[in-house]
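Understanding the architecture of this molecule
The chain contents come next:
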Amino acid sequence: MHSDADSNPSPLLAVDNLTLRFSSASGNVVDGVSFSVSPGETLCIVGESGCGKSVTALSLMGLLPMPPAQITAGSAMFDGKDLLRMPRREMAAIRGNRMAMIFQEPMTSLNPAYRIGDQIAEVVLRHRPVTRKQARARALEMLDRVKIPAAVKRLDDYPHQLSGGMRQRVMIAMALANDPALLIADEPTTALDVTIQAQILQLIRTLQEETGTALIMITHDLGVVAEVGDRVAVMYAGRIVEQGSVDDVFIDPQHPYTLGLMSSIPSLSKREGRLTTIPGMVPTVDTMPPGCRFAPRCPFAGAECKAAVPPLTDLSPGHAAACIRAPLEAEAHFDGAVA
Amino acid sequence: MSAVTTSEKTVDRPLPPRAPYILETRDLVRHFAADGSLFGDKAVVRAVDGVTLGVRRGETLSIVGESGCGKSTLARLLVRLIKPTSGGILYQGRDISALSEREMRALRRDLQFVFQDPFSSLNPRMTVGAIIEEPMRVHRIGTRAERRRRVRELLARVGLRPEFADRYPHEFSGGQRQRIGIARALASGPTVLIGDEPVSALDVSIQAQVINLLEDLKEEFDLTLILIAHDLAVIRHMSDRVAVMYLGEIVELADTDALYDRPHHPYTQALMRAIPVPSPHARDMVAELTGDVPSPLAPPSGCRFHTRCPHATELCAQKKPHLEASGDNRFVACHHWRSVADSAAGLSEEPARPANAAHRLALYRAWTKKQGQNPATQSPTDQAPTVPSEE
């Protein structure tokens, strides 16, 4: 089996074989997922709806209701402790403190009834031995750092008085208020316009350089991956199908699902003819195929693919794919079709 | 079995000759009353504020802009789902801006709409068959049996099984529902199809399927397509011409390649710079615009973009630039386009794919095509409907 250990000597977070199911479904929603993140590093987890990327993040934060969710195997070591087996109280002490998360929809993750200054101050008060006044000063400092104009005046605003981009800045201010070692961002710019997305991504990058926070960026957008990621894990139907440095995965993509995603995106620079798509749909948790979960949609699949789960195997140091056909051109049979 | 015929003729679509306008707007304005302060005057949202635009028969024209720029309002005005405050809308030369609801009803046969959200635009209490049949029933097209047959043909044409006519919308995934919405829009035999962000709610792989479907249908049914979208890559792929909107006005209108290769308006340039390109060797994304789009309740004076424009001068704050021809069938509303245009050539360029990536993508393409031609393999969504698992 693939291990991240060699490429990542001292990870901040090391997830190993995370396996998770919901009591209502027969299959695993997350099935044997392993990855790690080092201080200052950005890992992107990319995949489409239902691939398990958000559920993975929520389980690390202890935010999945259990039941119905149930972790059946794996570990997630953070600061020498397993997040998956942590008592509720201990998790609450870490969350928002050593580890924080920002979500896609800032309107629903901010409390509409409280002023934003108070919401940020509360996060500080909860984890730090400070006075109210100090916490409020910290809130102001954070609003400045996320470049909210006229921050002093904004402290007393309610969330609805801010634009979507500003709300996302407030979420980031709140998440970073206690200098977390790890920040998880779940599609933080998906609901925003491109020009605002560019501002927020640039802000996240700047703050990360300043603080050395490790970042897990969950996204569906390969453009965002190329822009902010150091390493990337491509997820499909609950499993990581390819993992490596962003350069490796873009320069030398191996898994047919990665190729399918790349060829589904129209090019900004010219029309390249008809788009090549991935036929069919993502399987649901109740209809997970045996063996490789991508096999029913994969043009290269054969009987062997459906017989056993392909292990995530290193093809070069730090670059792994879960496909028994990789590298594709090694099989002359496939290569013949191009001409 | 349904079969999705993948016609290859749309591969590299030549620009259509300058066909006559099928749909035109003349100084079109739509204001909405906003909740004013308790004692003050009613505030007015200037959603669409003086748009003059012609859509040529057979072309795909895209309207692009950020939230609140008025693009969805413009789309709804074009098919008269809402009435303009002032200005004209001409369909095949006839002014339809003041037609009564009854007079409009006949025209709706020609002008059809595909909505963004496939979850809220289909009546959950109607079967898929009834949803697709409804436009034919309203327009008294065919006998009952003929309509039923047409429903099954349309379902097959959009890549769904004809038996799905008896099922309800909730049984389908987002991509399948969007196909149902498209089948419904085609049922009355329209000439113009307007899509308001028809693929933006879909995952990339499903989005690509629906893009291909729309392109095939456009060819097959001889449609004029108007797309409202915010994804500049999707727009480049699908459009012949593009109109860029900002705060209720068109700021640039050009042929697609010209617009992307050399955007003239500073706002178009900023939009392109902001796009993260899916390649680690591409230019870095640049957040050139600071702040948010100003409120359409109180648009800035002069050029509405001057408050965020890196090239703005005093003139821009005082004098409103009009949409003027800037050669090559292009129109731009900027006082400074002559000096600004050159600063942004090649913004949309992506570096060539690295050799390994290019080779494997070619393999993927070749084998996907091969599988698609094999009649034994399934057509795209030809599988039992499932309750979609949304994250």
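Residues numbered from 1 in each chain as written. Chains lettered and ligands numbered in written order. Predicted model: local features only at pLDDT ≥ 70, side-chain atom pairs only at ≥ 80, totals over all residues. Heavy atoms only, no water.

The next subject is the overall build of chain A. Each helix and strand counted, chain A has 13 helices and twelve strands in total. Here the C-alpha radius of gyration of chain A, 21 Å, is about what a compact globule of 339 residues would show, namely 20 Å. Principal axes of the C-alpha set define a box for chain A whose edges measure 70 × 50 × 40 Å. A buried classification covers 60% of the 339 residues belonging to chain A. Considering chain A, the positive charge centre built from 31 side chains and the negative charge centre built from 36 side chains are found 9 Å apart. (Helix = DSSP H or I, 4+ residues; strand = E, 2+ residues; numbered from the N terminus. Rg over C-alpha atoms; globule rule 2.2 N^0.38 Å. Buried < 20%, exposed > 50% of the residue type's maximum accessible area, 1.4 Å probe, protein only. Lys, Arg positive; Asp, Glu negative; His and termini not counted. Charge placed at Lys NZ, Arg CZ, Asp CG, Glu CD.)

It is worth spelling out the overall build of chain B at this point. From N to C terminus, chain B includes twelve helices and twelve strands. The 391 residues of chain B split such that 55% are buried. Contacts spanning at least 24 positions in sequence make up 67% of the contacts within chain B whose residues lie at least 6 apart. Accessible surface for chain B amounts to roughly 16700 Å². Of this, 51% is attributable to carbon and sulfur atoms. (Contact = heavy atoms within 4.5 Å. Areas by Shrake-Rupley, 256 points an atom, 1.4 Å probe, with all protein chains shown as cover.)

A word on the packing of aromatic side chains. Two numbers describe a pair of aromatic rings. These are the distance of the centres and the angle of the planes. For the structure shown, the criterion picks out nine aromatic pairs over all chains. Aromatic pair Tyr236 of chain A and Phe294 of chain A: ring centres 5.0 Å apart, planes at 80 degrees, arrangement edge-to-face. With Tyr236 of chain A in strand S9 (residues 231-236) and Phe294 of chain A in the loop between helix H11 (256-264) and helix H12 (303-307), the pair connects residues that are 58 residues apart, well separated along the chain. By relative accessible area, which is 1% here, Phe294 of chain A ends up buried. Aromatic side chains Phe113 of chain B and Phe115 of chain B sit 4.7 Å apart centroid to centroid with 45 degrees between the ring planes, which places their arrangement in the tilted category. Taken together through their ring pairs, the aromatic side chains of Tyr236, Tyr257 and Phe294 of chain A make up a single cluster. We note Lys370 of chain B situated over the ring of Trp367 of chain B; from NZ or CZ to the ring centre the distance is 4.2 Å. (Phe/Tyr/Trp six-rings, centres within 6.5 Å; stacked < 30°, edge-to-face > 60°. Lys NZ or Arg CZ within 6 Å of the ring centre and 35° of its normal.)

Moving on to the interface of chain B and chain A. Contacts between chain B and chain A engage 73 residues on the former and 67 residues on the latter. Both faces combined, the contact of chain B with chain A buries some 6500 Å², and carbon together with sulfur accounts for 58% of it. The interface formed by chain B and chain A includes three salt bridges. Of the charged contacts in the structure, one is a salt bridge between Asp216 of chain B and Arg274 of chain A, with a shortest N-O distance of 2.8 Å. At the junction of chain B with chain A, the criterion picks out 19 residue pairs in polar contact (both at pLDDT 80 or more). Counting residues per element, the ones that place at least two in the side of chain B that touches chain A are helix H6 (204-221), helix H7 (232-238), helix H9 (266-273) and helix H12 (355-373) of chain B. When residues of the side of chain B that touches chain A are assigned to their parent elements, the largest contribution, 13 residues, is made by H12 of chain B. Per-class residue counts for the side of chain B that touches chain A are 32 nonpolar, 22 polar and 19 charged. (Buried area = accessible area lost by both parts, 1.4 Å probe. Salt bridge = Lys/Arg side-chain N within 4 Å of Asp/Glu carboxyl O. Polar contact = N/O pair within 3.5 Å; in protein donor to acceptor, adjacent residues only side chain to side chain. Nonpolar A, V, L, I, M, F, W, Y, C, P; charged D, E, K, R; others polar.)

Another point: the environment of Ala139 of chain A. Residues and elements named next belong to chain A. Counting through the fold element by element, Ala139 comes out in helix H5 (residues 132-145). With 19 residues separating them along the chain, Ala139 and Ile120 place their C-alpha atoms 5.5 Å apart. Not counting the four nearest positions on each side in its chain, Ala139 is found in contact with Gly117, Ile120, Ala121 and Leu155.

A few words on the domain arrangement of chain B. Residues and elements named next belong to chain B. Domain parsing of chain B yields domain 1 (21-35 + 46-246) and domain 2 (251-344). On a C-alpha basis, the centroid separation for the pair domain 1 and domain 2 is 28 Å. Contacts between the two partners involve 19 residues from domain 1 and, on the opposite side, 24 residues from domain 2. Of the roughly 2100 Å² buried between domain 1 and domain 2, counting both surfaces, carbon and sulfur atoms make up 57%. Broken down residue by residue, the surface that domain 1 buries against domain 2 is led by Arg236, Val244 and Tyr246, which jointly contribute 40%. Connecting domain 1 to domain 2 are four salt bridges. Its salt-bridge partner being Arg236, residue Asp261 comes within 3.4 Å of it at the nearest N-O pair. (Domains from an automatic or database assignment.)

Our next topic: the sheet that holds strand S12 (residues 319-321) of chain A. Picture the strands of a sheet paired through backbone hydrogen bonds; they go either parallel or antiparallel. All names here are of chain A. Pairing in this open sheet of eight strands is mixed, and the strands run S6-S7-S8-S3-S9-S10-S12-S11 from one edge to the other. The sheet terminates laterally at strand S6 (99-102) and strand S11 (313-316), the two strands that pair on one side only. The mean angle between the axes of side-by-side strands here comes to 20 degrees, regardless of whether they run parallel or antiparallel. Note: strand S7 (residues 182-186) against strand S8 (residues 214-219), five bridges, orientation parallel. Looking at S8, one finds that Leu183 is bridged to Leu215. Relative to S8, helix H8 (residues 194-211) is tilted by about 160 degrees, and along the sheet it contacts strand S3 (42-46), S6 and S8. (Pairing = 2+ DSSP bridges. Axes fitted to C-alpha atoms, helices over the stretch in contact; angles between N-to-C directions.)

Residues and elements named next belong to chain A. Compared with the 26 Å implied by 1.5 Å per residue over 18 residues, the 25 Å span of H8 between its first and last C-alpha is a close match. By the burial criterion, the buried members of H8 are Val194, Thr195, Ile196, Gln197, Ala198, Gln199, Ile200, Leu201, Leu203, Ile204, Leu207 and Gln208. Of the residues trailing H8, Gly212 is marked for its positive phi of about 75 degrees. (Expected span 1.5 Å × (residues − 1).)

Our focus in this paragraph is the pairing of strand S10 (residues 239-245) of chain A. Along any regular strand, the residues point their side chains to alternate faces of the sheet. Residues and elements named next belong to chain A. In terms of burial, S10 is largely enclosed, as six of its seven residues are buried. Sheet analysis places S10 next to S12, joined by two bridges and oriented antiparallel. Among the inter-strand pairings, Gln243 is bridged to a residue of S12, identified as Ala320.

Another point: the UniProt feature "domain: ABC transporter" (unreviewed entry) in chain A. Those residues carrying the UniProt feature "domain: ABC transporter" (unreviewed entry) are residues 13-262 of chain A in this numbering. In residues 13-262 of chain A, the share of helix is 40% and the share of strand is 26%. The end C-alpha atoms are 29 Å apart. (UniProt positions renumbered as here; feature names shortened; annotations may be inferred.)

All names here are of chain B. Mapped onto the elements, Arg157 comes out in helix H4 (residues 144-157). Note on Arg157: relative accessible area 12%, which makes it buried. In terms of polar contacts, Arg157 uses its side chain to reach the side chain of Glu220, at 2.6 Å.

A few words now on the side chain of Asp82 of chain A. All names here are of chain A. Here Asp82 shows up in strand S5 (residues 81-82). There is a polar contact of 2.9 Å between the side chain of Asp82 and the backbone nitrogen of Ala76. Polar contacts involving the side chain of Asp82 include one to the main-chain amide nitrogen of Leu84, which spans 3.0 Å. Once you skip the residues sitting within four places of it in the chain, Asp82 turns out to touch Gly74, Ser75, Ala76 and Met77.

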